[in-house]
Amino acid sequence: MANNRVRRITCTAPVNIAVIKYWGKRNEELILPLNSSISATLHQDQLRTKTTVAISPSFTEDRIWLNDKVQSIDNPRLKAVLKEIRRRSCKRRHEETNDSDTSRWHVRINSENNFPTAAGLASSAAGYACLAYCLSKLFHIEGDVSDIARIGSGSACRSIYGGLVMWDCGIEKDGSDSRAKQLFTESHWPQMRIIILVVNDQKKITASTAGMQQSVETSSLLDYRVKHIVTNRVQKLTEAWNDKDFETFAEITMQESNQFHAICRDTYPPIFYTNDTSNTIMQLVHAYNRSQNQVKVAYTFDAGPNACLFMLEDEVTKFVSLINHHFPSNDPLTMKGLQCDIQPINQDDHQKIEVKFKPQSDAIKYIITTQVGPGPRVIQTDEHLISQSGEPIFSCVR
């Protein structure tokens, strides 16, 4: 029999792709970064986490499911998010004495991603942003919740907003000023497109948290980057986005990606997130830009081998067709997201592209075409992942 005191809400939240990288913390427990970072929020029509949170006085314990599988509720970061939500809920209740003490109720969480989890596609960012946003709506917590998302996963704070977003590293020891803020809405640069080349959708060997700590302890390049490089790049990239200066934006984005992976290699023992296919994609991007006598495409790689390519809308068909030529598939290349027609490449144009590698068959699993999108949202229709009786509903399609 359904319990009419089960309250539930369902939200979705986006993936974000860092263009000014976050790597390394000044405080592990509070997840406070060594430097500020900037990311582009990707559209939820293509990549998103969906989460339902339910609370009830009849629940005897907290429970969580992710992608159809039960997860441990003892995850320290998950517990930290729930603790902070309950603290703010309790504080709000004291200020609004007519509300019941739901902060003491246990929660049930069911979440699913429509993209590979733990493969370097910012699944934890979307997941914790969705959880923090969903909990805040269910417990009627007002105001910015990016700091709550942050204590779940650092980069999750950036997924609380759409468009171009900065996570301010802050200077306070308690992390009170380490929050995300929107720099530009998703509509500021409508021609911008992001192409994700999924090279490997398996779980990465070195988790980001462990990798960061290793780099902080052993990489001298990381210290130099924080002290001498990042601040200037943050300013220049922000100006480039404001002015819709693609070439400057693209060059900084690629330099940031290169430096991040150089730091990973400077870490002892070294960390390798990219692979041979990733390196070939980088070569192709630079060869293509040289052939155009202008920077038309930019790459960035997070903690994984999958390439995120930025380009303007007019460039998409031409470059994706080039990708299809150099990375042929025995089966038709799977395309997801925004429509993109693959066309035969122009041989005259292709001769100008000086590449020093042979075509790599089946090296790319599939391609996702997307654009800059909005932040989290509440789903109004009946798409809950938890039933009215409090049981999980499994409907993942990934």
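Heads up: the structure comes first, above all this text.
Anyway, here's the lowdown on the structure attached to this text.

Calculation criteria
Residues numbered from 1 in each chain as written. Predicted model: local features only at pLDDT ≥ 70, side-chain atom pairs only at ≥ 80, totals over all residues. Heavy atoms only, no water. Helix = DSSP H or I, 4+ residues; strand = E, 2+ residues; numbered from the N terminus. Rg over C-alpha atoms; globule rule 2.2 N^0.38 Å. Buried < 20%, exposed > 50% of the residue type's maximum accessible area, 1.4 Å probe, protein only. Areas by Shrake-Rupley, 256 points an atom, 1.4 Å probe, with all protein chains shown as cover. 1 Å grid on protein atoms, 1.4 Å probe; cavity = no way out; pocket = protein on both sides within 12 Å on 5 of 7 lines; lining within 4 Å. Points joined across faces, edges and corners; volume = space filled by probe spheres on them. Nonpolar A, V, L, I, M, F, W, Y, C, P; charged D, E, K, R; others polar. Pairing = 2+ DSSP bridges. Contact = heavy atoms within 4.5 Å. Axes fitted to C-alpha atoms, helices over the stretch in contact; angles between N-to-C directions. Salt bridge = Lys/Arg side-chain N within 4 Å of Asp/Glu carboxyl O. Core = buried A, V, L, I, M, F, W, Y, C linked by side-chain atoms within 4.5 Å. Polar contact = N/O pair within 3.5 Å; in protein donor to acceptor, adjacent residues only side chain to side chain.

What to know about the overall build of the protein chain
- When helices and strands are tallied, the protein chain shows 10 helices and 17 strands.
- By the compact-globule yardstick of 21 Å for 398 residues, the protein chain fits well, its C-alpha radius of gyration being 22 Å.
- Expressed along its principal axes, the backbone C-alpha trace of the protein chain runs to roughly 70 × 45 × 40 Å.
- The buried share of the protein chain, reckoned over its 398 residues, is 55%.
- Accessible area of the protein chain: about 18,000 Å², with a carbon and sulfur share of 46%.

Overview of the layout of surface pockets
- Space inside the second largest pocket adds up to approximately 420 Å³.
- Looking at the lining of the second largest pocket, the elements that each hand over two or more residues are helix H1 (76-95) and helix H3 (146-152).
- Counting residues per element, the lining of the second largest pocket draws most heavily on H1, which supplies seven residues.
- Of the residues assigned to the lining of the second largest pocket, the class counts are five nonpolar, two polar and 11 charged.

Comments concerning the sheet that holds strand E17 (residues 377-378)
- Spatial strand order, E8-E7-E9-E6-E1-E17: six strands in an open sheet with mixed pairing. The open sheet has two free edges, formed respectively by strand E8 (69-71) and E17, since each of these has just one partner strand.
- Of the pairings in the sheet, the one linking strand E1 (residues 7-14) to strand E6 (residues 48-56) comprises eight bridges and is antiparallel in character. Within E6, the position partnered with arginine 7 by the bridge is isoleucine 55.
- On top of the sheet, helix H2 (residues 123-138) reaches E1, E6, strand E9 (106-113) and E17; it is set at about 145° to E1, its chief contact.

Comments concerning the pattern of salt bridges
- In this structure the tally under the stated criterion is 16 salt bridges.
- Put simply, arginine 87 and glutamate 84 hold a salt bridge, and the shortest N to O gap is 2.7 Å. Of this pair, arginine 87 and glutamate 84 both sit in helix H1, separated by three residues, roughly a single helical turn.
- Between glutamate 391 and arginine 108 there is a salt bridge, with the nearest N and O atoms lying 3.2 Å from each other. Taken together, the residues glutamate 391 in the segment after E17 and arginine 108 in strand E9 connect sequence positions 283 residues apart.
- The class for glutamate 391 is partly exposed, based on a relative accessible area of 40%.
- Under the relative-accessibility criterion, arginine 108 is labelled buried at 12%.
- Look at the salt bridges and you will find they share partners, linking Glu84, Arg87, Arg88, Asp144, Asp147 and Arg179 into a network.

Here we look at the nonpolar core
- The biggest cluster of nonpolar side chains holds 63 residues, and the ones touching the most others in it are Leu197, Phe249, Ile281, Leu309, Phe310 and Phe319.
- In this structure, phenylalanine 310 is in contact with Ile17, Val19, Ala40, Met192, Arg193, Ile194, Phe246, Phe249, Lys296, Val297, Ala298 and Thr300, ignoring residues within four places of it in sequence.
- Within the second largest apolar cluster, 30 residues are counted, among which are Leu131, Cys134, Phe139 and Ile148.

Points about the side chain of threonine 277
- In this structure, threonine 277 sits in helix H8 (residues 276-292).
- Contact partners of threonine 277, with chain neighbours within four places excluded, come to Val199, Phe327, Gln360 and Ala363.

Things to note about the side chain of glutamate 84
- Given the relative accessible area of 17%, glutamate 84 is considered buried.
- In this structure the side chain of glutamate 84 is engaged in a polar contact, spanning 2.7 Å, whose partner is the side chain of arginine 87.
- Dropping the residues within four chain positions of it, glutamate 84 is found in contact with Ile148 and Ile151.

As for unusual backbone geometry
- Of note, the amide linkage connecting tyrosine 268 to proline 269 takes the cis form, showing an omega dihedral of -10°.
- The phi torsion at histidine 140 lies on the positive side, around 60°, for a residue other than glycine.
- Relative to the helices and strands, histidine 140 resides in the loop between H2 and H3.
- Here the phi dihedral of lysine 244 falls at roughly 55°; this positive angle occurs in a residue that is not glycine.
- Of the residues examined, lysine 244 reaches a relative accessible area of 40% and is grouped as partly exposed.

Considering the pairing of strand E14 (residues 307-312)
- By the criterion of burial, E14 is predominantly enclosed, with five of the six residues buried.
- Pairing geometry for strand E12 (residues 192-198) and E14, over six bridges, is antiparallel. Note on E14: the bridge partner recorded for arginine 193 is methionine 311.
- Here four bridges tie strand E13 (residues 297-300) to E14, and the two strands are oriented antiparallel to one another. The partner of tyrosine 299 across the bridge, within E14, is leucine 309.
- The hairpin formed by E13 and E14 contains six residues between the paired strands.

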